[in-house]
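# Residue-level structural notes
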Amino acid sequence: MSTEVRVPTLGESVTEATVATWFKKPGDTVAADEMLCELETDKVTVEVPSPAAGTLGEIVAAEGETVGVDALLATIEEAGASPAPKKKEDKPAEKPAQQPQSNEGKMTDVMVPSLGESVTEATVSTWFKKVGDTVAADEMLCELETDKVSVEVPSPAAGVLKEIVAEEGTTVDASAKLAVIAEGESGGASASAPAKEEAKSEAPAASGKGGKDVEDAPSAKKLMAEKGIDPASVQGSGKDGRIMKEDVAKAENAPKQASVNVASTPSQAPRGPVNADDASREERVKMTRLRATIAKRLKDSQNTAAMLTTYNEVDMSGVMNLRNEYKDLFNKKHGVKLGFMSFFVKACCHALKEVPEVNAEIDGNEVVYKNYVHMGVAVGTPNGLVVPVVRDADQMSFASIEKTIAEMGTRARDGKLSMAEMQGGSFTISNGGVYGSLMSSPILNPPQSGILGMHKIQERPMVENGQIVIKPMMYLALSYDHRIVDGKGAVTFLVRVKEALEDPRRLLMDL
């Protein structure tokens, strides 16, 4: 019986990959979950494990071929009655080396836990234990960082940490092995293990696994060697500047343009000379994956969208008076404080119905209009800005909105949000006023086409009916993608938000 080896899920919006390296050849014996080959996409490298034990049959997709998701890569001839004895014959050769470990208890692999939808890799940020330490079941072993969240990895069993496969700083995929636990052992039984395991843990790093995010892609190296291209002249688009096959092709097709771009890009410019006294007082800290992703997405947003910002100001008297009148009763009935965010969310949902292009996004040559409002609410955390999404906010009550925002805000600051809770937003609200910002221009959260910036409420003299009166005023800023949102639509949206906030009764009457 044969089993098909197919291309696994490559991540959101990734439709194809290139076969970089086959680790096995037809006729080789393979174990279940043993790595067969490595695929490369635009950004990541994906290892393909064997779905069953047996013999590698036909390789359908050779190295260098481009394949789509779920495409057939190879076949595995599963081990039947006849291959079984052969397996047993192969084992004795390995037994002597493994015999000393037979009395050390069962070995349990520590694998990367579920990282969330469309997340294919993470970086090992911190190990809380070292080789030889005794660990309890469910005790935290290490912490992983993805683009948005931190994930703690618990021990699957009680015993001794025998081997750390992925050291700190290593990028691992969603199905990778992190470490090995020897069940039932105590720390004393493995006193001599650290030196032995240290050598083991160095081996994967030396073979390129630990430096996966630093070394260039194998197909890129091969192509550069064939074309005689200097790696220093190629700008890598992969993780930590890793050169991918596509980068080499770009450098070959437009070498002059590439050199101009590299020289003119501020981020590539060398740092100016630093006084020796100042250098001794400086500290270099590697950017976290979250901070690096925030930086990249914000810059990509500026480079991609035709971003423009329009401003208005709103008299907050109506909202503040209504809030002061009902906040105690609201808290008593719903068990949550009545804040300003629910008014802004409601006002935006109301305005988005009239100006749907602000709630839309561009997909290729098409505009995707959304008949729902998934409201992103920007939250500042110690690690950076994250945007949890309040789904179907247009169908929620004031109380439901306040409860959801309060609960998500708390979990965001604790680093407990899941990836699913930060995806799928159609519009975003960012409140810089909590930090004292009087006016700013928020940057779009791609692929969204609009983001509203709230600011500090400040009393200012305003003219009303020919008289100067003091009013609590707030500046509002709407940044939008001018490719699909015209100035008229942007101004109309902002005016509708202003009208709803200055007279909240309009929200009840859908005016």
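The structure contained in this document is the topic of the report that follows. (Residues numbered from 1 in each chain as written. Predicted model: local features only at pLDDT ≥ 70, side-chain atom pairs only at ≥ 80, totals over all residues. Heavy atoms only, no water.)

Of the regular secondary structure elements, the protein holds 12 helices and 27 strands. Among the 511 residues that make up the protein, the fraction classed as buried is 40%. The long-range share in the protein, meaning contacts at least 24 apart out of those at least 6 apart in sequence, stands at 64%. On the protein, roughly 27400 Å² of surface is accessible, and the fraction owed to carbon and sulfur atoms is 52%. (Helix = DSSP H or I, 4+ residues; strand = E, 2+ residues; numbered from the N terminus. Buried < 20%, exposed > 50% of the residue type's maximum accessible area, 1.4 Å probe, protein only. Contact = heavy atoms within 4.5 Å. Areas by Shrake-Rupley, 256 points an atom, 1.4 Å probe, with all protein chains shown as cover.)

This part takes up the sheet that holds strand 14 (residues 159-164). Across the sheet, 4 strands lie side by side as 9-16-14-11; this open sheet has antiparallel pairing. On the outer flanks of this sheet lie strand 9 (107-111) and strand 11 (134-135), each paired with one strand and no other. The pairing of strand 11 with strand 14 spans 2 bridges and is antiparallel. Each residue of the ladder has a partner; that of T134, found in strand 14, is V160. (Pairing = 2+ DSSP bridges.)

A separate point is a nonpolar patch on the surface. The grouping of Y311, L438 and M439 at the surface amounts to a nonpolar patch, some 270 Å² of accessible area in total. Here L438 falls in the partly exposed class, since its relative accessible area comes to 35%. (Patch = residues over 30% accessible without salt bridge, like charges linked within 9 Å, V, L, I, M, F, W, Y side chains within 5 Å. Salt bridge = Lys/Arg side-chain N within 4 Å of Asp/Glu carboxyl O.)

Tracing the chain through its elements places L476 in strand 27 (residues 467-481). Owing to a relative accessible area of 0%, L476 belongs among the buried residues under this scheme. In this structure, the C-alpha to C-alpha distance between L476 and V497, residues 21 residues apart in sequence, is 9.2 Å. In this view, L476 contacts T310, Y311, N312, E313, V314, F344, L452, G453, H455, L494, V497 and L501; residues no more than four positions away in its chain are not counted.

This brings us to the pattern of salt bridges. As enumerated under the stated definition, the model contains 18 salt bridges in all. The salt bridge partner of E407 is R411, with a shortest N-O separation of 2.4 Å. Here E407 and its partner R411 are both found in helix 10 (residues 398-413), 4 residues apart, which amounts to about one turn of the helix. On the accessibility criterion, E407 (38% relative accessible area) is partly exposed. As a salt-bridge pair, R506 and E499 come within 3.4 Å of each other at their nearest N and O atoms. A network of salt bridges, in which partner residues are shared, links E354, R496, E499 and R506.

As enumerated under the stated definition, the model contains 2 aromatic pairs in all. Arranged with centres 5.4 Å apart and planes meeting at 55 degrees, the rings of F427 and F493 form a pair that is tilted. Here F427 is found in strand 24 (residues 427-431), whereas its partner F493 is found in helix 11 (residues 487-502), with 66 residues between them in sequence. Each member of the pair, F427 as well as F493, carries the same accessibility label: buried. It is R323 that lies over the ring of F340; its NZ or CZ is 4.8 Å from the centre. (Phe/Tyr/Trp six-rings, centres within 6.5 Å; stacked < 30°, edge-to-face > 60°. Lys NZ or Arg CZ within 6 Å of the ring centre and 35° of its normal.)

Look at helix 9 (residues 341-354): 20 Å from first C-alpha to last across 14 residues, which is about the 20 Å you get at 1.5 Å a residue. Within helix 9, burial applies to M341, S342, F343, F344, V345, A347, C348, C349, H350, A351 and L352. (Expected span 1.5 Å × (residues − 1).)

Take the packing of helix 9 against helix 10 next. In the contact formed by helix 9 and helix 10, the axes pass within 9 Å of each other and the chain directions differ by 115 degrees. Pair helix 9 / helix 10 crosses with right-handed handedness. Contacts between helix 9 and helix 10 involve M341, S342, F343, V345 and K346 from the first element and F398, I401, E402 and I405 from the second. Tallied by class, residues from the contact of helix 9 with helix 10 come to 6 nonpolar, 1 polar and 2 charged. (Axes fitted to C-alpha atoms, helices over the stretch in contact; angles between N-to-C directions. Left-handed = near helix turned anticlockwise from the far one by under 90°. Nonpolar A, V, L, I, M, F, W, Y, C, P; charged D, E, K, R; others polar.)

Let's shift gears to unusual backbone geometry. Backbone torsion omega between P446 and P447 reads 5 degrees, so that peptide bond is classified as cis. Tracing the backbone through its elements, the reader meets P447 in the loop between strand 24 and strand 25 (450-454). Even without glycine at this site, D392 takes up a positive phi of about 55 degrees. Of note, D392 is situated in the loop between strand 23 (389-390) and helix 10. For D392, a relative accessible area of 30% translates into the label partly exposed. Look at N465: it is not a glycine, yet its phi comes out positive at around 55 degrees. Structurally, the position occupied by N465 is in the loop between strand 26 (458-464) and strand 27. Accessibility expressed as a relative area gives 76% for N465, which makes it exposed.

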